[in-house]
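Understanding the architecture of this molecule
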Amino acid sequence: MKLYAVSDGPPSLAVRMALEALNIPHEHISVDYGKAEHLTEEYKKMNPQMEIPVLDDDGFFLSESIAILQYLCEKYAPASELYPKDPKDRALVNHRLCFNLAYLYPEISAYVMAPIFFDYQRTEMGLKKLNRALTAFETYLNTTGTKYVAGNGLTIADFPLVTSIMCLEAISFDIGTNFPTVQQWYSNFKQAHPQLWTIAAKGMEEIADFEKNPPDLSGMVHPIHPIRKAGAK
């Protein structure tokens, strides 16, 4: 099994955390984002979306980190509580996965990641959208009153949400003042799962460094995002 991933991307880190938690042997193949390796024709054969990560399970190529998380559990650990079988329990896990994919992470990515890597600015509207998404997350956690995002046990839903909130910590965004339950859940995860957190922490360190020293992607021709001129911040 091979995982094509970057060292600091939240979707890549979430999958790596799952592979670690499930103790699945694999080869981590680093994709050089700065050199646009994900935009090559060779990479496009594995993932026509040209996004990261991609799983290669003996010739079976699977993209979309959420699909990868679900696949790993269903094939390699069908009895694992990381992806419970009870319909309601699993539905809650699936909801949290979808919530992060469609609602929370897009706002975090737009506010945190896009201005670091591309020619975007952080705006009041972006902050408003981010706070709106975080308010929903805070409400979900308060409603369930559980230790983890989908119950009292760790599930694959926690991994992408942890790596999303990690981005906010990387830029010293104040989570605890307005979203104390999110902060508590996030801190508890770090304490309860230090081995898994180590994976995310390394990515966070890279993002924090890029926040201070934006990478030079002037050689990249991206199909969507505007490239920042070399030397500009």
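Residues numbered from 1 in each chain as written. Predicted model: local features only at pLDDT ≥ 70, side-chain atom pairs only at ≥ 80, totals over all residues. Heavy atoms only, no water.

To continue, consider the packing of helix α7 (residues 180–192) against helix α8 (residues 194–212). Packed helices, taken two at a time, are described by the angle between their axes plus the distance between the axes. Put simply, α7 and α8 touch, their axes get as near as 6 Å, and they point 115° apart. Residues Y186, F189, K190, Q191 and A192 of α7 touch α8, and the partners they reach there are P194, L196, W197 and M204. Tallied by class, residues from the contact of α7 with α8 come to seven nonpolar, one polar and one charged. (Axes fitted to C-alpha atoms, helices over the stretch in contact; angles between N-to-C directions. Helix = DSSP H or I, 4+ residues; strand = E, 2+ residues; numbered from the N terminus. Contact = heavy atoms within 4.5 Å. Nonpolar A, V, L, I, M, F, W, Y, C, P; charged D, E, K, R; others polar.)

Within the largest apolar cluster, 72 residues are counted, with the highest numbers of intra-cluster contacts made by L72, F137, F159, I165 and W185. Here the element with the most residues in this core is helix α4 (residues 87–117); it accounts for eleven residues. If near-sequence neighbours (up to four positions away) are discounted, F137 is found in contact with F99, L104, V149, L161, I165, V182 and W185. One finds Y4, Y43, M46 and I52 within the second-largest nonpolar core, a separate group that totals seven residues. (Core = buried A, V, L, I, M, F, W, Y, C linked by side-chain atoms within 4.5 Å. Buried < 20%, exposed > 50% of the residue type's maximum accessible area, 1.4 Å probe, protein only.)

For the rest of this paragraph, the subject is the pattern of salt bridges. Considering all chains together, one arrives at four salt bridges under this definition. Across the pair R122 and E211 runs a salt bridge, and its minimum N-O distance is 2.9 Å. Residue R122 is found in the loop between α4 and α5 (124–144), and its partner E211 is found in helix α8; the two are separated by 89 residues along the sequence. E169 is the partner of K190 in a salt bridge, and the nearest nitrogen-oxygen pair spans 2.9 Å. Placement of the pair is K190 in helix α7 and E169 in helix α6 (residues 158–170), with a sequence separation of 21 residues. (Salt bridge = Lys/Arg side-chain N within 4 Å of Asp/Glu carboxyl O.)

Glancing now at α6. The end-to-end C-alpha distance of α6, which contains 13 residues, comes to 18 Å, matching closely the 18 Å that a straight helix rising 1.5 Å per residue would cover. Among the 13 residues of α6, twelve are classified as buried, and the element is accordingly described as predominantly covered. Those residues of α6 that sit buried are D158, F159, P160, L161, V162, T163, S164, I165, M166, C167, L168 and A170. Taken together, the buried residues of α6 touch α1 (10–21), α3 (65–76), α4, α5, α7 and α8. Positive phi appears at S172, one or two residues downstream of α6, with a value of about 60°. (Expected span 1.5 Å × (residues − 1).)

What follows concerns the sheet that holds strand β4 (residues 60–63). With mixed pairing, four strands are arranged side by side in an open sheet as β2-β1-β3-β4. Across the chains shown, the open sheet's two edge strands, defined by having one partner strand only, are β2 (27–30) and β4. When the angles between neighbouring strand axes are averaged without regard to direction, this sheet yields 20°. As defined by bridge partners, strand β1 (residues 2–5) adjoins β2 across four bridges and the pair is classed as parallel. Counted as the bridge partner of K2 is E27 from β2. (Pairing = 2+ DSSP bridges.)

With respect to the secondary-structure elements, M50 resides in the loop between α2 (41–46) and β3 (54–57). You can call M50 partly exposed: its relative accessible area is 21%. Put simply, M50 and H222 are 172 residues apart on the chain and 11 Å apart in space, counted from C-alpha to C-alpha. Those residues within four positions of M50 in sequence are excluded, and the remaining contacts are H38, L39, Y43 and K44.

Here we take up the pairing of β1. Assessed by its sense of winding, the connection that carries the chain from β1 through α1 to β2 is right-handed. The pairing of β1 with β3 spans three bridges and is classified as antiparallel. Note that in β3 the partner of K2 across the bridge is D56. (Right-handed = clockwise from strand over helix to strand, strands pointing away.)

Turning to the state of the cysteines, a few remarks are in order. Inspection of every chain in the model, using the stated rule, returns zero disulfides. You can see C73 has no disulfide; the closest cysteine sulfur is in C98, sitting 15 Å from it. For C73, a relative accessible area of 2% translates into the label buried. (Disulfide = S-S within 2.5 Å.)

Here we come to the side chain of T155. Mapped onto the fold, T155 is located in the loop between α5 and α6. Excluding anything up to four places from it in sequence, T155 contacts E81, L82, P84, V93 and A150.

Interpretation note: all reported values are geometric properties and have no functional meaning in isolation.
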